[in-house]
Amino acid sequence: MQDVQPAGVTGALHYATLPRAAPARVLACGADLKNAACLIDGDRVIWSAPHGNLANHDNCDALRLAVTQLVDCASGPVHAVAHDLHPDFYSSRVAQVIAARLGVPAIAVQHHHAHIAVAQAEQGIEGGVIGLALDGVGLGSDGMPWGGEILWVDAAREAQHWQRLAHLALLESPGGDNALLEPWRMAAAALHGLGRGHEIAARFGASVGLPKAQHVQGILHSKSNCPRSSSGGRWFDAAAAALGLVLRQTFEAEAAIRLEQYATAWLATRPDFDVVWDSLDLLPLMSQLFALPTADASEHYEDARGAGAALFHVALANGLAHHAIAAARSHAVQTVVLGGGCFLNQILCARLRVKLGHAGLAVVQPGSVSCCDAGIALGQAWIAACTIHPSRGVQPAKASAH
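Residues numbered from 1 in each chain as written. Predicted model: local features only at pLDDT ≥ 70, side-chain atom pairs only at ≥ 80, totals over all residues. Heavy atoms only, no water.

J.: What's the story with the overall build of the protein in this structure? I'm lost.
T.: Scanning the protein from N- to C-terminus turns up 13 helices and 15 strands. For 402 residues, the compact-globule formula gives about 21 Å, and the C-alpha radius of gyration of the protein, at 22 Å, lands near that figure. Seen along its three principal axes, the alpha-carbon backbone of the protein occupies a region of about 65 × 45 × 35 Å. Out of the 402 residues in the protein, the part that is buried amounts to 55%. At a minimum sequence separation of 6, the contacts of the protein that also span at least 24 residues come to 70%. Here the protein contributes 26 positively and 33 negatively charged side chains, and the mean placements of these two sets differ by 2 Å. (Helix = DSSP H or I, 4+ residues; strand = E, 2+ residues; numbered from the N terminus. Rg over C-alpha atoms; globule rule 2.2 N^0.38 Å. Buried < 20%, exposed > 50% of the residue type's maximum accessible area, 1.4 Å probe, protein only. Contact = heavy atoms within 4.5 Å. Lys, Arg positive; Asp, Glu negative; His and termini not counted. Charge placed at Lys NZ, Arg CZ, Asp CG, Glu CD.)

Written as structure tokens, this is what we have:
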């Protein structure tokens, strides 16, 4: 990948080559977190420097400069500008502005669909794929927050045709965005989902403060400010907090990272550990985690937490594999794509590769492009290019969600 630093521009451009030319020339404005923009132009991908979180004004300024810079690098007229489906993202608003200035369509692309299309574009995958898209959250085509999805996406040149086939069970996020910083809230939501909401104050009051625990117990009961989502990231948070590993996060994905660390250490001496699990509903699994001891500093306690972390990982992988295999057979495809930030988790990836490989399926992930939101602009651009191909006019989207 080549880096280029034009005079007077902050942040290098990065060039890469696709295995096949895109059907149209498209600028994509990326996600709202870990933002990076890109232009696909024939078989070239030109990337901006990473901009980070667009809640930061300097990062917003950098994005605006970068998209202008990318347009100037195009070998001809840009045919469309792609952006996330969420209309309130700053990146979406930038896309609308520049599309209007260029007189071309602004094309909204569903977040998890884009995650899967990253690998389709980068690796030139032939034929349709089943996509497993797991991350923190993204706006779904039904207006609800998604994040643990099984998708069917058509062949690369027809990648705008897709369907949501299944998803992880929905879980409330009590307090909305507060739950992103405080994983114990997600564990509380799991207790509530198990019909054990009356246990929340007693279980978490000593650690987080009794008034706060009682408040969360109350809003879950009243269903006030408790948006439901299928987010894989929030299920990882719930599991980590149920095991007492992380109740409050000091950095992004701290709970998921800690959970993986415990599972890795435990599985290192038990590599053949497995569990029969074919469901995308993790609530019954959470019941087993809550049954483990929570206040013992002994070696037995640490082993129990490792066992719980391993159980969560293996069961999640098995449930995803079961449904992906069924989806691949029903749609007559041979490839499963893993996309989204949860697939930084090495246990999850390794277990899925084994299970899906035994079923005769190829497992593909993005290579040089990030599986996280930092790489999502490539998927946005590819889908938008397929959407306007071949007539250069926007084609009706053929997507459905269940």
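J.: Where do I start with the side chain of Thr387 in this structure?
T.: If you trace the backbone, Thr387 turns up in helix α13 (residues 376–388). Polar contacts involving the side chain of Thr387 include one to the main-chain carbonyl oxygen of Ile383, which spans 2.7 Å. (Polar contact = N/O pair within 3.5 Å; in protein donor to acceptor, adjacent residues only side chain to side chain.)

J.: Explain the packing of helix α6 (residues 200–208) against helix α7 (residues 210–222) here, please?
T.: The geometry of a pair of packed helices is captured by two quantities: the angle between their axes and the separation between those axes. Between α6 and α7, whose axes approach to 7 Å, the crossing angle comes to 145 degrees. When you trace α6 past α7, the crossing you get is right-handed. Judged by residue contacts, Ile200, Ala201, Phe204, Gly205 and Val208 of α6 engage Leu210, Lys212, Ala213, Gln214, Gln217 and Leu220 from α7. A breakdown of the residues in the contact of α6 with α7 according to their chemical character gives 7 nonpolar, 3 polar and 1 charged. (Axes fitted to C-alpha atoms, helices over the stretch in contact; angles between N-to-C directions. Left-handed = near helix turned anticlockwise from the far one by under 90°. Nonpolar A, V, L, I, M, F, W, Y, C, P; charged D, E, K, R; others polar.)

J.: Is there a simple way to think about the state of the cysteines in this case?
T.: Linking two cysteines covalently via their sulfur atoms produces the bond known as a disulfide. For the coordinates displayed, the defined rule picks out 0 disulfides. In this structure Cys342 is not part of a disulfide, and its nearest cysteine sulfur, from Cys372, lies 9.0 Å away. Unpaired in terms of disulfides, Cys386 finds its nearest cysteine sulfur in Cys38, a separation of 13 Å. Take Cys386: its relative accessible area is 1%, and that puts it in the buried class. (Disulfide = S-S within 2.5 Å.)

J.: Would you explain the confidence of the model for the protein in this entry?
T.: Close reading of the predicted structure is inappropriate where its pLDDT is low. For the protein, mean pLDDT is 92; residues scoring 70 or higher make up 92% of the total. Between residues 1–10, whose pLDDT stays under 50, and residues either more than four places distant or in other chains, the model counts 19 contacts. Low confidence marks residues 391–402, where pLDDT is under 50. Its contacts with residues over four positions away, or in another chain, come to 24 contacts. (pLDDT = per-residue confidence, 0-100.)

J.: Can you help me understand the packing of aromatic side chains in this one?
T.: What describes a pair of aromatic rings is the distance from one ring centre to the other and the angle between the planes of the rings. Going through the model one piece at a time under the given rule, you end up with 4 aromatic pairs. For the pair Phe236 and Phe312, a centre-to-centre distance of 5.1 Å together with 75 degrees between the ring planes defines the contact as edge-to-face. A residue pair is termed long-range when its members are at least 10 positions apart, and Phe236 in helix α8 (residues 232–242) and Phe312 in helix α11 (residues 299–330) qualify at 76 residues. Judged by its relative accessible area of 0%, Phe312 is buried. (Phe/Tyr/Trp six-rings, centres within 6.5 Å; stacked < 30°, edge-to-face > 60°.)

J.: Teacher, can you tell me more about the pattern of salt bridges here?
T.: In a structure, side chains of opposite charge can pair up when their charged atoms sit close to one another. The final tally for this structure, using the stated rule, is 16 salt bridges. Here Arg185 makes a salt bridge to Glu182, at a shortest N to O gap of 2.6 Å. For the residue pair Arg185 and Glu182, the accessibility class agrees, reading buried in each case. Its salt-bridge partner being Glu199, residue Arg196 comes within 2.9 Å of it at the nearest N-O pair. (Salt bridge = Lys/Arg side-chain N within 4 Å of Asp/Glu carboxyl O.)

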